[in-house]
Amino acid sequence: MEALVTIGGYDLPEPSTYSATTSTIVDSARNVAGYVVGSVVRHDVAKVELTWKYLTAEQWATVLSLFTNSFYNDVRFLNQATNNYDIRTMYVSDRNASMWRRDPDTGTVMGYLGCSLSLVEV
């Protein structure tokens, strides 16, 4: 089975949830009569939000490292607007996780709960 999301050629672990947003960017304002005057700047801009119930510390660190050297990355994802896989240039937004537990002997973090991140098309 192919990965649901791939970043720079790295297959992300299968997410627990996958939420997609498709946006239309509009440049608009209201005129003196109070009506909206605007025009579409760009159609079908993608945003993908992923969560994992649990990832090992190593898995989460690997996912986060994908954004260390490059703010923009080629992301292969399932596009809800076409129901096909697309590759688009995206950046990572907020990344969140809660520490699961530490090894009682070494203090090393063993894993994380509720890992999440958002990928936004540029």
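Residues numbered from 1 in each chain as written. Predicted model: local features only at pLDDT ≥ 70, side-chain atom pairs only at ≥ 80, totals over all residues. Heavy atoms only, no water.

*Asks:* Help me out: how do you make sense of the overall build of the protein chain in this one?
*Replies:* Counting its regular elements, the protein chain contains 1 helix and 7 strands. When the helices and strands of the protein chain are read in sequence order from the N terminus, they spell out β-β-β-β-α-β-β-β. Relative to its length of 122 residues, the protein chain is extended, with a C-alpha radius of gyration of 18 Å against a globular reference of 14 Å. Over its C-alpha atoms, taken along the principal directions, the protein chain stretches across nearly 70 × 35 × 25 Å. Looking at the protein chain as a whole, 28% of its 122 residues are labelled buried. Taking as baseline every contact in the protein chain between residues at least 6 positions apart, the subset at least 24 positions apart corresponds to 59%. Accessible surface computed for the protein chain: about 7700 Å², of which carbon and sulfur atoms make up 48%. For the protein chain, the centre of its 9 positive side-chain charges and the centre of its 13 negative side-chain charges are spaced 6 Å apart. (Helix = DSSP H or I, 4+ residues; strand = E, 2+ residues; numbered from the N terminus. Rg over C-alpha atoms; globule rule 2.2 N^0.38 Å. Buried < 20%, exposed > 50% of the residue type's maximum accessible area, 1.4 Å probe, protein only. Contact = heavy atoms within 4.5 Å. Areas by Shrake-Rupley, 256 points an atom, 1.4 Å probe, with all protein chains shown as cover. Lys, Arg positive; Asp, Glu negative; His and termini not counted. Charge placed at Lys NZ, Arg CZ, Asp CG, Glu CD.)

*Asks:* What's the story with the side chain of E121 in this structure? I'm lost.
*Replies:* Looking at the secondary structure, you find E121 in strand β7 (residues 109–121). Within the structure, E121 has its side chain in polar contact with the side chain of R42 (distance 2.8 Å). Apart from the residues lying within four places of it in its own chain, the contact partners of E121 are R42, D44, V45, A46, R88, T89, M90 and Y91. (Polar contact = N/O pair within 3.5 Å; in protein donor to acceptor, adjacent residues only side chain to side chain.)

*Asks:* What is the right way to look at the pairing of strand β5 (residues 72–79) in this model?
*Replies:* Direction of pairing for strand β1 (residues 5–7) relative to β5: antiparallel, over a ladder of 3 bridges. Among the inter-strand pairings, V5 is bridged to a residue of β5, identified as F77. Alignment of β5 against strand β6 (residues 84–102), held across 8 bridges, turns out to be antiparallel. Across the sheet, N73 pairs through a bridge with M90, a residue of β6. If you look at the hairpin formed by β5 and β6, you'll find 4 residues sitting between the two strands, and N83 has a positive phi there, around 55 degrees. (Pairing = 2+ DSSP bridges.)

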